[in-house]
Structures are given as structure tokens and as C-alpha cells.
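Per-entry structural report
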Amino acid sequence: MMQQDVMFPSLDSLPKIFSLSDLKQRLPGDGEHALDVTLRWLEAGVIRQVAPERPVFYRVILGQPLSEAEVLQALMRTFPSVVIVGGSALWRQGVSTQQDSTLECAVAEPVTDCNLNQVGLHSRPAGWWSVMRQVGGLSAEGRHGATMLSPEMAVADAAAFRDVWMPDRDGIDWARLSTARLCSATEALLPLRPAH
């Protein structure tokens, strides 16, 4: 029995969000064994992969969905460039009265898919991060360690890319936005705007 525990570790001994390298550190021998264990857990449905081609996983516990903090932790480990955007950024900063049903996030990495059904994941072009830094488009607040767009940049980014959820115009507290920063953010994103 003891030998079997060494060869097949308890899933409960791992954090709720873990990577293949985390599992490799807990298993003796080469990385192939960790990959075999991971594949067995995936087939059994006790873990899920955050995104295809990325070795980050989360434990599936019936009746216990991932919290927002866990979702963001999983996203940050899977996509280091993740940023909260759109109406999600506005609501979390108190600029919108309408709450999102999907956590809107953007990443600089090419996105194929995300297995977190409570997340809307959107790809941003090369140069997007540079623009964010140049115009101060990132909020000082953040959320559970994740970066978030400033309210002005969230509005400008949503207008430029048109792929994220935004609250109704009446649901935004426009008095809390700086017109000058909104104009600056909109102008800075013009070269990156996709042709529609």
C-alpha cells in the first residue's frame, strides 16, 4: 500500500491549482511518470486543464466551483500576461453598477481556448502591452494579484477591439472617468485597432 502511494500520489496533497512541474517535484524518477498520473486524473475527470497546450491544471471538486481568486491564480500561471479588461475591470473598480457574468480578460499570448467557463479570454496584438505602459493604462489596484486596466483604458480597449462585454452606457459612472485620459487611451490604441 505504501509503495502504491509513492507511485501514485494523492490528489489531495496538491494545491487546487497546480502545474505538471509541481507534480514532477513530488514524484520519484523521470517526468514521464508525472505525465502518466496527470493523464489518468484527466481521464477520471478529477482534474481539468486550464487551457490546451498549457500544463496547468485545477482539481474538480463537486459542488465547489473555483473562486475568483483561484480562477485568477489559474489564469496567471497559464497566461503570465493576463489582464482584467472591459466591464469586468469597470465593475471591480466601482465604475459600473452592472456586474459581469463572465470575467473578461486579455492576454498577449496567442489564445486557442480556455477551459474555465466563467472566463472570456481575448488575445491582444503585439505592442498592446507597450501601449498600456506608455499611457499608464494599468490600474494601481489589481485583483487577487492580477493586473487590471484603468477605467479609461478599459473603455478605450473595449471600443478598439469590440470583443469584450461592457455594461450599458447608463450603467457606467462617467463622472469618475477622466476625459483627458480616455482621449489619450483611445488615441494610443488607434494603431492597434483591427480592421473591421
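Residues numbered from 1 in each chain as written. Predicted model: local features only at pLDDT ≥ 70, side-chain atom pairs only at ≥ 80, totals over all residues. Heavy atoms only, no water.

Focus on the packing of helix 7 (residues 151-161) against helix 8 (residues 179-189)
Stated precisely, the cut-off is as follows: In this analysis, axes come from line fits to C-alpha atoms, helices being fitted only over the stretch in contact, and the angle between any two N-to-C directions falls in the range 0 to 180 degrees. Secondary structure elements follow DSSP: runs of H or I no shorter than four residues count as helices, runs of E no shorter than two count as strands, and numbering proceeds from the N terminus. A crossing counts as left-handed when the near helix is turned anticlockwise from the far one by less than a right angle, and as right-handed when that turn is clockwise. The contact rule is simple, with two residues in contact once any of their heavy atoms fall within 4.5 Å.
Viewed as axis vectors pointing N to C, helix 7 and helix 8 meet at an angle of 35 degrees, and their least axial separation amounts to 8 Å. For helix 7 against helix 8, the interelement crossing comes out right-handed. For the pair helix 7 and helix 8, contact is made by Glu152, Met153, Val155, Ala156, Asp157, Ala160 and Phe161 and by Arg181, Leu182, Ala185, Thr186 and Leu189, respectively.

A look at the layout of surface pockets
The criterion, for reference: Here a cavity is any set of points on a 1 Å grid over the protein atoms alone where a 1.4 Å probe fits but cannot get out, and a pocket is any open set with protein on both sides within 12 Å along at least 5 of 7 lines; a residue lines the site when it has an atom within 4 Å of a point. Grid points are joined across faces, edges and corners, and a volume is the space filled by probe spheres set on the points. Note on residue categories: nonpolar means Ala, Val, Leu, Ile, Met, Phe, Trp, Tyr, Cys or Pro, charged means Asp, Glu, Lys or Arg, and polar means any other residue, Gly included.
Each pocket or cavity is described by its volume, and for the largest pocket that value is around 170 Å³. Residue lining of the largest pocket: Arg48, Tyr58, Arg59, Val60, Ile61, Gln64, Pro65, Leu66, Asn115, Leu116, Asn117 and Gln118, and that is the complete set. Tallied by class, residues from the lining of the largest pocket come to six nonpolar, four polar and two charged.

Section: unusual backbone geometry
Unusually for a residue other than glycine, His144 sits at a positive phi of about 50 degrees. Looking at the element boundaries, His144 is found in the loop between helix 6 (128-134) and strand 7 (147-148). Look at Arg162: it is not a glycine, yet its phi comes out positive at around 55 degrees. Here Arg162 shows up in the loop between helix 7 and helix 8.

Observations concerning helix 7
The condition that has to hold: With a 1.4 Å probe rolled over the protein chains alone, any residue whose accessible area is under 20% of its type maximum counts as buried; one over 50% counts as exposed, and the rest are partly exposed.
Burial runs high along helix 7: ten of the eleven residues are buried. Within the sequence span of helix 7, burial applies to Pro151, Glu152, Met153, Ala154, Val155, Ala156, Asp157, Ala158, Ala160 and Phe161. In this structure, the buried residues of helix 7 make contact with helix 5 (86-92), helix 6 and helix 8. Remark: Arg162 follows helix 7 within two positions and exhibits a positive phi of approximately 55 degrees.

Quick notes on the sheet that holds strand 2 (residues 47-49)
In a beta sheet, neighbouring strands are held together by backbone hydrogen bonds and run either parallel or antiparallel to one another. Heads up, the condition is: Any two strands between which DSSP finds at least two bridges are classified as paired.
Taken in spatial order, the three strands of this open sheet run 1-3-2, and their pairing is antiparallel. On the outer flanks of this sheet lie strand 1 (17-19) and strand 2, each paired with one strand and no other. Ignoring which end each strand starts from, the neighbouring axes of this sheet average 30 degrees apart. Of the strand pairs in this sheet, strand 1 and strand 3 (residues 56-59) are connected by three bridges, and their pairing is antiparallel. Its bridge partner lying in strand 3, Ile17 is registered against Tyr58. Helix 3 (residues 31-44) rests against strand 1, strand 2 and strand 3 of the sheet, and its axis sits at about 105 degrees to strand 2. Relative to strand 1, helix 4 (residues 68-78) is tilted by about 15 degrees, and along the sheet it contacts strand 1 and strand 3.

Quick notes on the sheet that holds strand 7
In space, the four strands of this open sheet follow the order 6-5-4-7, with mixed pairing throughout. Edge strands, defined here as strands with exactly one partner in the open sheet, are strand 6 (119-123) and strand 7. Bridge count for strand 4 (residues 83-84) against strand 5 (residues 103-107) is two bridges, and the pairing is antiparallel. Its bridge partner being in strand 5, Val83 is matched across the sheet by Ala106.

Remarks on the pattern of salt bridges
The line we're drawing: The term salt bridge refers to a side-chain nitrogen of Lys or Arg lying within 4 Å of a carboxyl oxygen of Asp or Glu.
By the definition in use, this model includes nine salt bridges. Measuring nitrogen to oxygen at the nearest pair gives 3.4 Å for the salt bridge that ties Arg59 to Asp12. Note that Arg59 is positioned in strand 3 and Asp12 in the loop between helix 1 (2-7) and strand 1, a separation of 47 residues in sequence. Here Glu70 ties to Lys16 by a salt bridge, and the two come within 3.5 Å at their closest N and O atoms.

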